Amino acid sequence: MKLQIKNGRVVDPASGKDAVGDVFVADGKIAESFSKADKTIDAKGLVVSPGFIDLSARLREPGFEYKATLESEMNAAVAGGVTSLACPPDTDPPLDEPGLVDMLRRRAKSLERARVYPIGALTVKLEGNALTEMGQLADAGCVAFSQANAPLPDTQVLWRALQYAATFGFSTWLRVEDAWLAKSGVAHDGEVATRLGLPGIPSFAETIALGTLLELVRATRARVHVCRLSSAGAVEMMRAAKKEGLPVTCDVGIHHVHLCDMDLGYFDSNCRLDPPLRGQRDRDALVQGLVGGVIDCVCSDHTPVDDDGKHLPFAEAEAGATGLELLLPLTLKWGAASKLNLAATLARITSGPARILGTASGKLTVGAPADLAIFDPQASNRISAETLKSQGKNTPFVGHELQGRVRTTIVAGNVVYEA
Amino acid sequence: MPRNPQLNENGELQHLLSIEGLPREILTQILDTAESFAGVTEREVKKVPLLRGKSVFNLFFEPSTRTRTTFEIAAKRLSADVINLNIAVSSATKGESLLDTVANLSAMQADIFVVRHASSGAPFLIARHVKPHEHVVNAGDGRHAHPTQGLLDLFTIRHYKKDFSKLTVAIVGDVLHSRVARSLIHGLTTLGAPEVRVIGPQTLMPAGVEALGVKVFHDMKAGLRDADVVVMLRLQNERMRGALLPSAQEFFKHYGLTLDKLAVARRDAIVMHPGPMNRGVEIDSNVADGPHSVILPQVTFGIAVRMAVMSIVAGN
């Protein structure tokens with residue numbers, strides 16, 4: 001099928017292109033211009049961008065279907081313009097066996113919405129003791145290996161895991177948090193946690209773990225993507241590590257770019273996140289790190305949680321926020337506040353994460369997969385439980401007006417969402 | 001920041017959840033009302049009809065003797081019906097959620113919920129979900145707040161010292177885990193006490209505690225020097241098991257209140273303790289039973305203060 005998207009403002013972050021024009025799609029790929037289309041989409045007044053790539057979105061299957069289902073979250077993904085997503089292995093059971101990965105991919109594929117890239121468990125049951133069969137998991141479709149939010153306190157296991165992954169060129173995606181220092185903490189260890197009487201997690205829980213990890217990368221030369229930075233100190237360490245030439249990249253969760261511990265207000269359990277929201281200075285450093293490129297990309301860290309998991313006292317509430325449908329509006333908000341142009345803004349959710357994921361999508365080059373998001377950057381959205389497609393309604397942004405509304409989402413040349 | 005959830009649209013006290021964020025006028029109103037109730041407790045017929053026909057549910061998710069009892073006495077003196085629920089050994093262990101428990105009790109026509117919970121913020125969660133005519137009084141949540149204890153401490157200080165504007169108050173011990181300390185600090189800073197000190201080892205000080213408006217001392221005598229009021233905090237036994245403190249003996253050596261250490265405070269200093277006391281851990285018996293101690297009057301004042309709080313919220 002031949003598809004022509006006409007008169008849109010075509011933004012290709014990979015090349016920096018931003019101009020009104022047409023995009024042509026043939027056989028599921030971006031094509032050279034042609035004269036006779038089977039279908040045309042009028043994108044006048046809208047932005048045509050590569051579909052968004054989210055490096056962390058929990059789909060909750062298998063095991064947590066009461067929180068969300070593959071179907072509900074895949075609907076949320078395409079409603080948010082997300083055409084590729086990587087899902088962490090913290091399902092139940094965790095993604096530590098090829099059969100599970102294979103089933104997840106098949107189920108996801110049959111829904112014909114976004115592309116799903118499973119991240120395999122680095123250790124069996126995410127328990128941090130024994131390595132998984134990474135080779136077989138990779139054959140089953142795992143793009144990387146991670147512990148999700150599960151701790152890996154044994155540094156010898158971490159060292160071996162990185163050596164093993166490096167041997168075969170697998171990439172590991174790791175959060176950095178010292179399990180002992182973070183023990184029983186639920187909020188950034190600072191003035192707000194002190195006022196609210198919440199057990200704290202100090203910033204150095206992150207920087208100490210990052211220091212350990214970087215030292216192991218230095219020793220093993222393993223390719224490591226550091227997930228969800230939360231502190232100013234960690235941004236500085238990543239800057240130095242990249243300057244040194246270590247094979248490391250990193251991301252930040254979109255909530256951490258906009259919120260800080262002050263937003264906990266009167267115990268808002270929607271602000272209970274992993275890692276915790278830190279101070280204003282940390283948030284500013286994350287914003288600047290993302291602007292300057294020390295932080296490679298931003299992800300939603302989408303975590304749908306049911307009301308039973310959130311209608312609890314803050315410390316007992318389950319961590320996480322729904323995010324797939326907020327990724328675009330919150331990224332646009334960050335870009336506008338940072339005075340970035342649209343191509344540079346969108347790079348953080350297109351070409352940036354595509355490089356880490358190692359996919360050919362995330363750009364509008366001829367021959368690239370025709371994964372596209374067509375959106376109205378000015379249209380405002382009032383975030384509410386009714387408007388969110390995700391089964392998780394847990395977001396600190398409920399009631400907020402945010403700009404940026406997806407009109408059409410295309411995956412492999414097929415329209416998978418239309419508003 | 002959303003509107004302070006304790007206040008109604010007219011800025012009146014709908015729930016008492018925390019002293020933090022309450023205006024000076026409301027604190028003074030509570031203390032003045034408590035003053036008027038102090039007389040009631042000395043009369044032969046110790047009752048006033050202010051809450052007649054109202055139901056007060058004592059919802060204790062964590063064990064307590066003193067606080068629960070004084071709330072019960074206070075409610076009865078206001079002529080309310082009191083129902084005591086020791087949730088720690090009933091619904092919670094059967095897996096019922098906090099909000100379900102509250103919804104069920106609400107269906108039994110509650111007017112005031114007095115809530116104690118081990119998790120910081122639990123009374124805020126309940127206050128967000130109760131009906132408009134229902135009131136929540138926080139009887140202690142996690143490390144966060146114990147506002148009626150803070151108020152009775154303020155009442156005691158005002159009783160003996162009259163004026164807050166020249167006072168030096170020293171709070172000693174486990175500030176990290178203490179909801180009593182947090183509530184009292186907010187109360188003192190709101191009422192204009194010029195110098196509030198906290199004394200203890202670094203392991204028992206929460207991060208950034210200075211931001212609450214206090215001066216931090218690690219040396220007990222330096223912190224007690226010329227203090228008008230000394231508030232000793234309870235040190236729970238379980239704190240001695242981890243890496244916070246080596247032993248009760250060592251804690252007592254550095255931070256236990258003895259006559260020798262108290263000698264550097266002002267001659268007319270008062271010594272307070274929220275109870276229950278650990279004699280020989282945070283306080284020496286010579287001090288606890290001595291002329292500076294106002295620990296038992298605190299308990300008595302607690303009844304009048306809780307009467308004041310319940311009558312005020314029920315009237316708004």
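Note that the structure is a prediction, hence the values are computed from the model and not measured. (Residues numbered from 1 in each chain as written. Chains lettered and ligands numbered in written order. Predicted model: local features only at pLDDT ≥ 70, side-chain atom pairs only at ≥ 80, totals over all residues.)

**Quick look at the overall build of chain B**
Then, in step 1: Counting its secondary structure elements, chain B contains 12 helices and nine strands.
Then, in step 2: A compact globule built from 316 residues would reach a C-alpha radius of gyration of about 20 Å, and chain B, at 19 Å, matches this within 12%.
Then, in step 3: Across its three principal axes, chain B shows a C-alpha extent of roughly 55 × 45 × 40 Å. (Helix = DSSP H or I, 4+ residues; strand = E, 2+ residues; numbered from the N terminus. Rg over C-alpha atoms; globule rule 2.2 N^0.38 Å.)

**Regarding the overall build of chain A**
Then, in step 1: Counting its secondary structure elements, chain A contains 14 helices and 18 strands.
Then, in step 2: For 419 residues, the compact-globule estimate of 2.2 N^0.38 gives 22 Å, and the C-alpha radius of gyration of chain A, at 20 Å, lies within 12% of that figure.
Then, in step 3: Overall, the C-alpha framework of chain A stretches about 65 × 50 × 45 Å when taken along its three principal axes.
Then, in step 4: Looking at chain A residue by residue over its 419 residues, the buried ones come to 58%.
Then, in step 5: Looking at chain A alone, contacts between residues at least 24 apart form 76% of all its contacts between residues at least 6 apart. (Buried ≥ 20, exposed ≤ 12 C-beta atoms within 10 Å, placed from the backbone. Contact = placed C-beta atoms within 7 Å.)

**Points about helix α10 (residues 280-292) of chain A**
Then, in step 1: Under the 1.5 Å per step criterion, the end-to-end length of α10(A) is 18 Å for 13 residues, consistent within 8% with the ideal 18 Å.
Then, in step 2: Turning to α10(A), the residues buried within the fold contact α8 (232-244), β14 (248-253), α9 (254-258) and β15 (297-299) of chain A. (Expected span 1.5 Å × (residues − 1).)

**Observations regarding the pairing of strand β1 (residues 55-60) of chain B**
Then, in step 1: Burial analysis of β1(B) places five of its six residues in the buried class, the great majority of the element.
Then, in step 2: Crossover connection from β1(B) via helix α2 (residues 66-77) of chain B to parallel strand β2 (residues 81-86) of chain B: handedness right-handed. (Right-handed = clockwise from strand over helix to strand, strands pointing away.)

**Points about the sheet that holds strand β10 (residues 171-175) of chain A**
Residues and elements named next belong to chain A.
Then, in step 1: Across the sheet, which stays open at both edges, the eight strands sit in the order β6-β7-β8-β9-β10-β13-β14-β15 with parallel pairing between neighbours. With one partner strand each, in any of the chains shown, β6 (52-54) and β15 form the two edges of the open sheet. Going across the sheet, the axis of each strand differs from the next one's by a mean of 25°, ignoring polarity.
Then, in step 2: Relative to β14, strand β13 (residues 223-227) is paired through three bridges, and the arrangement is parallel. The residue of β14 that forms the bridge with Val 226 is Cys 250. (Pairing = 2+ DSSP bridges. Axes fitted to C-alpha atoms, helices over the stretch in contact; angles between N-to-C directions.)

**Some thoughts on the sheet that holds β1(B)**
Residue and element names in this part refer to chain B.
Then, in step 1: Taken in spatial order, the four strands of this open sheet run β2-β1-β3-β4, and their pairing is parallel. Lying at the two open borders of the sheet, with one neighbouring strand each, are β2 and β4 (135-141). Averaged over all adjacent pairs, the angle separating strand axes in this sheet is 15°, with direction ignored.

**Here we look at the confidence of the model for chain B**
Should pLDDT be low for a region, the predicted coordinates there are not to be read in detail.
Then, in step 1: Confidence in the prediction of chain B, expressed as mean pLDDT, is 93, and 97% of residues score 70 or more.
Then, in step 2: The ipTM assigned to the predicted complex is 0.94, against a pTM of 0.95. (pLDDT = per-residue confidence, 0-100.)

**Here's the deal with the pairing of strand β16 (residues 372-382) of chain A**
Residues and elements named next belong to chain A.
Then, in step 1: Of the pairings in the sheet, the one linking strand β5 (residues 47-50) to β16 comprises four bridges and is antiparallel in character. Of the residues in β16, the one forming a bridge with Val 48 is Ile 374.
Then, in step 2: One ladder, built from eight bridges, connects β16 with strand β17 (residues 401-411); its direction is antiparallel. Looking across to β17, one finds that Leu 372 is bridged to Ile 410.

**Here we look at unusual backbone geometry**
Residue and element names in this part refer to chain A.
Then, in step 1: A cis amide bond, omega -5°, links Glu 61 with the succeeding residue Pro 62.
Then, in step 2: Its location among the elements puts Pro 62 in the loop between β6 and α1 (70-79).
Then, in step 3: Here Asp 274 and Pro 275 are connected by a cis peptide whose omega angle stands at -5°.
Then, in step 4: Of note, the phi angle at Arg 221 is positive, near 60°, even though the residue is not glycine.
Then, in step 5: Take Arg 221: it is sitting in the loop between α7 (204-220) and β13.

**With respect to the environment of B:Ala243**
Then, in step 1: Here B:Ala243 shows up in the loop between β8 (229-232) and α9 (248-255).
Then, in step 2: For the pair B:Ala243 and B:Thr203, spaced 40 residues apart in sequence, the C-alpha separation works out to 8.4 Å.

**Quick look at the nonpolar core**
Then, in step 1: B:Phe113, B:Val172, B:Val230 and B:Met310 are the most contacted members of the largest nonpolar core, which has 117 residues in total.
Then, in step 2: Top contributing element to this core by residue count: helix α12 (residues 295-315) of chain B, with 10 residues.
Then, in step 3: Non-local contacts of B:Phe113, meaning those with residues more than four positions away in its chain, are made with B:Phe57, B:Leu59, B:Val102, B:Ile126, B:Val130, B:Glu134 and B:Val136.
Then, in step 4: The next biggest cluster of nonpolar side chains, apart from the first, holds 113 residues, and it includes A:Val47, A:Leu70, A:Leu104 and A:Ala354. (Core = buried A, V, L, I, M, F, W, Y, C linked by C-beta atoms within 7 Å.)

**Some words on the interface of chain A and chain B**
Then, in step 1: Facing 20 residues of chain A, the contacting portion of chain B comprises 26 residues.
Then, in step 2: The greatest single-element share of the side of chain A that touches chain B, amounting to five residues, is contributed by helix α6 (residues 191-196) of chain A.
Then, in step 3: Classifying every residue of the side of chain A that touches chain B by side-chain character gives nine nonpolar, six polar and five charged. (Nonpolar A, V, L, I, M, F, W, Y, C, P; charged D, E, K, R; others polar.)

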